[in-house]
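Structural characterization, general
The lines below spell out each chain.
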Amino acid sequence: QDKLSEAVALLKEQWHGATTEEDLGDCLLAPQNVHAPMMTLVKLPNSVQSFSSNSEDAKAVQDFLYDNFVEVPIKCVQGTLYVRLSCHVYNELHEYQRLADTMLRFPEKGKRF
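I will try to describe carefully the structure that is included in this document. Nothing here was measured: the structure is a model prediction, and the numbers come from that model.

Moving on, we get to the sheet that holds strand 3 (residues 80-86). Reading across the sheet, the 3 strands line up as 1-3-2 and stay open at both edges, with antiparallel pairing between neighbours. Both edges of this open sheet fall to strand 1 (39-43) and strand 2 (74-77), since each of them pairs with a single strand only. Shown here is a sheet whose adjacent strand axes are inclined to one another by a mean of 40°, direction ignored. Here strand 1 pairs with strand 3 via 5 bridges, running antiparallel. Counterpart to Thr-40 in the pairing with strand 3 is Leu-85. In the packing of helix 1 (residues 2-16) onto the sheet, the strands contacted are strand 1 and strand 3, and the crossing angle to strand 1 comes to about 5°.

Pasting the structure below:
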């Protein structure tokens, strides 16, 4: 679970500037102490969110990531987009950094094709 915590902290800092425990909690769908041991949902950057994000938005983000060789599920929960982050023994922190960097290249709403 330490690797998952490191990955979550990395994404939250990169995407939301969150560094304190209180800030970190605002970026998760559920608190870290109640989610699955090796899986969680992390809120995507605000630049990707819309007033009422939906499953079509989630698919657009997931397709963008896939086209950039990043394979992760994107979920829409109550109008907010999240990445379903999984952590296994073979994952390395640089892979989560790649996810963070690639996501920041996603075109902002209104600038998409």
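This brings us to the side chain of Thr-102. Residue position: Thr-102 is located in helix 4 (residues 93-103). A relative accessible area of 3% means that Thr-102 is categorised as buried. Non-local contacts of Thr-102, meaning those with residues more than four positions away in its chain, are made with Phe-64, Leu-65, Asn-68 and Val-70.

For the structure on display, the rule yields 1 aromatic pair. Where Phe-64 meets Phe-106, the ring centres are 5.1 Å apart and the plane angle is 80°; that geometry is what we call edge-to-face. With Phe-64 in helix 3 (residues 55-67) and Phe-106 in the segment after helix 4, the pair connects residues that are 42 residues apart, well separated along the chain. Judged by relative accessible area, which is 8%, Phe-106 ranks as buried.

This paragraph deals with the pairing of strand 3. Across 4 bridges, strand 2 lies against strand 3 in antiparallel orientation. Looking across to strand 3, one finds that Lys-75 is bridged to Tyr-82. With antiparallel pairing between neighbouring strands as the criterion, strand 2 and strand 3 make up a hairpin whose turn holds 2 residues, including Gln-78 at a positive phi of roughly 50°.

This part is about helix 3. Helix length check: helix 3 (13 residues) gives 18 Å between terminal C-alpha atoms against 18 Å at 1.5 Å per residue, within 8%. Burial in helix 3 covers these residues: Asp-57, Ala-58, Val-61, Phe-64 and Leu-65. Seen end-on, helix 3 carries its buried residues on one side only, within an arc spanning 125°. Relative to its buried face, helix 3 has exposed residues pointing more than 90 degrees away, namely Ser-55, Glu-56, Tyr-66 and Asp-67. In this fold, the buried residues of helix 3 make contact with strand 2, strand 3 and helix 4.

So, how was this worked out
Residues numbered from 1 in each chain as written. Predicted model: local features only at pLDDT ≥ 70, side-chain atom pairs only at ≥ 80, totals over all residues. Heavy atoms only, no water. Pairing = 2+ DSSP bridges. Helix = DSSP H or I, 4+ residues; strand = E, 2+ residues; numbered from the N terminus. Axes fitted to C-alpha atoms, helices over the stretch in contact; angles between N-to-C directions. Contact = heavy atoms within 4.5 Å. Buried < 20%, exposed > 50% of the residue type's maximum accessible area, 1.4 Å probe, protein only. Phe/Tyr/Trp six-rings, centres within 6.5 Å; stacked < 30°, edge-to-face > 60°. Expected span 1.5 Å × (residues − 1). Arc of directions from axis to C-beta.

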